[in-house]
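As a plain string of letters, each chain reads:
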Amino acid sequence: MDVRRSAERYPGGDPQAGIESWHAFSFGPHYDPDNLRFGAVIACNEERLAPGAGFDEHPHSHTEIITWVVEGELSHRDSMGELTRVRPGDVQRLSSAAGVRHVERNDSDTP
């Protein structure tokens with residue numbers, strides 16, 4: 001087992017679009033063949049979204065997505081007709097099964 005501290009995570013996101021990301025596993029241009037996953041966990045990302053910033057509609061399939069908001073507020077909309085607000089301390093689970101598309105945005109005034 002290889003212990004990796006939070007400071008060793010891969011930076012990502014799009015700072016000009018108000019998105020800062022840190023990835024615990026290989027992601028996008030930060031490819032590390034020795035750090036692709038941990039068992040069934042394929043991603044563990046910390047995202048900070050500036051007010052109004054977020055992720056446009058994008059697909060997922062055969063994945064369970066867990067979202068935990070620490071501060072601010074996240075608006076979630078998906079192709080199954082769900083529209084929710086995830087607030088600090090809330091946990092949301094999105095089961096993408098055979099496929100789902102979703103949008104996530106920071107619609108609050110808090111980063």
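Residues numbered from 1 in each chain as written. Predicted model: local features only at pLDDT ≥ 70, side-chain atom pairs only at ≥ 80, totals over all residues. Heavy atoms only, no water.

What to know about the overall build of the chain
Counted only if it meets this: Numbering of helices and strands runs from the N terminus, with a helix taken as a DSSP run of H or I at least four residues long and a strand as a DSSP run of E at least two residues long. We compute the radius of gyration over the C-alpha atoms and compare it with the globule rule, which gives 2.2 Å times the number of residues raised to the power 0.38. Type-normalised accessible area, obtained with a 1.4 Å probe on protein chains alone, sets the label of each residue: buried when under 20%, exposed when over 50%, and partly exposed for intermediate values.
A count of helices and strands for the chain gives 0 helices and 9 strands. Along its sequence from the N terminus, the chain presents helices and strands in the succession β-β-β-β-β-β-β-β-β. Taken against the 2.2 N^0.38 rule, which gives 13 Å for 111 residues, the C-alpha radius of gyration of the chain at 14 Å falls within 12% of a compact globule. By principal-axis analysis of the C-alpha atoms, the chain measures approximately 40 × 30 × 25 Å. Scored against the burial criterion, the 111 residues of the chain give a buried share of 29%.

Some points on the nonpolar core
Just so we agree on the cut-off: For our purposes a nonpolar core is just a set of buried Ala, Val, Leu, Ile, Met, Phe, Trp, Tyr and Cys residues, chained together by side-chain atoms within 4.5 Å. Only heavy atoms matter for contacts: two residues are in contact if any of them lie within 4.5 Å across the pair.
Grouped together as the largest cluster of nonpolar side chains are 6 residues: Ile-19, Leu-49, Ala-53, Val-69, Leu-74 and Val-86. When residues no more than four places from it in sequence are discounted, the contact partners of Leu-74 are Leu-49, Thr-67, Val-69, Thr-84, Arg-85, Val-86, Glu-104, Arg-105 and Asn-106.

Topic: the sheet that holds strand β7 (residues 83–86)
The line we're drawing: Strands are treated as partners if at least two bridges between them are detected by DSSP. To define axes, lines are fitted to C-alpha atoms, for helices over the stretch in contact only, and angles between the resulting N-to-C directions are given on a 0 to 180 degree scale.
Read across the open sheet, the 4 strands follow the order β4-β9-β6-β7; overall the sheet is antiparallel. Edge positions in the sheet fall to β4 (54–60) and β7, since each of these pairs with one other strand and no more. Along the sheet, successive strands turn relative to each other by an average axial angle of 20°, direction set aside.

As for the pairing of strand β6 (residues 74–78)
Extensive coverage of β6 is indicated by the burial of 4 of its 5 residues. Bridge count between β6 and β7: 4 bridges; the pairing is antiparallel. For Ser-75, the partnering residue across the bridge sits in β7 and is Arg-85. Examined bridge by bridge, β6 and strand β9 (residues 100–106) share 5 bridges and lie antiparallel to one another.

Brief notes about the sheet that holds strand β2 (residues 19–23)
Strand pairing within a sheet occurs via backbone hydrogen bonds; the two strands may be parallel or antiparallel. Strand order across the open sheet formed by 3 strands is β1-β2-β3, with antiparallel pairing between neighbours. What marks the edges here is a single partner per strand, and that holds for β1 (10–14) and β3 (45–49). Across the sheet, the mean angle from the axis of one strand to that of its neighbour is 20°, orientation sign disregarded. In terms of strand pairing, β2 meets β3 through 5 bridges, oriented antiparallel. Paired with Ile-19 across the two strands is Leu-49, which belongs to β3.

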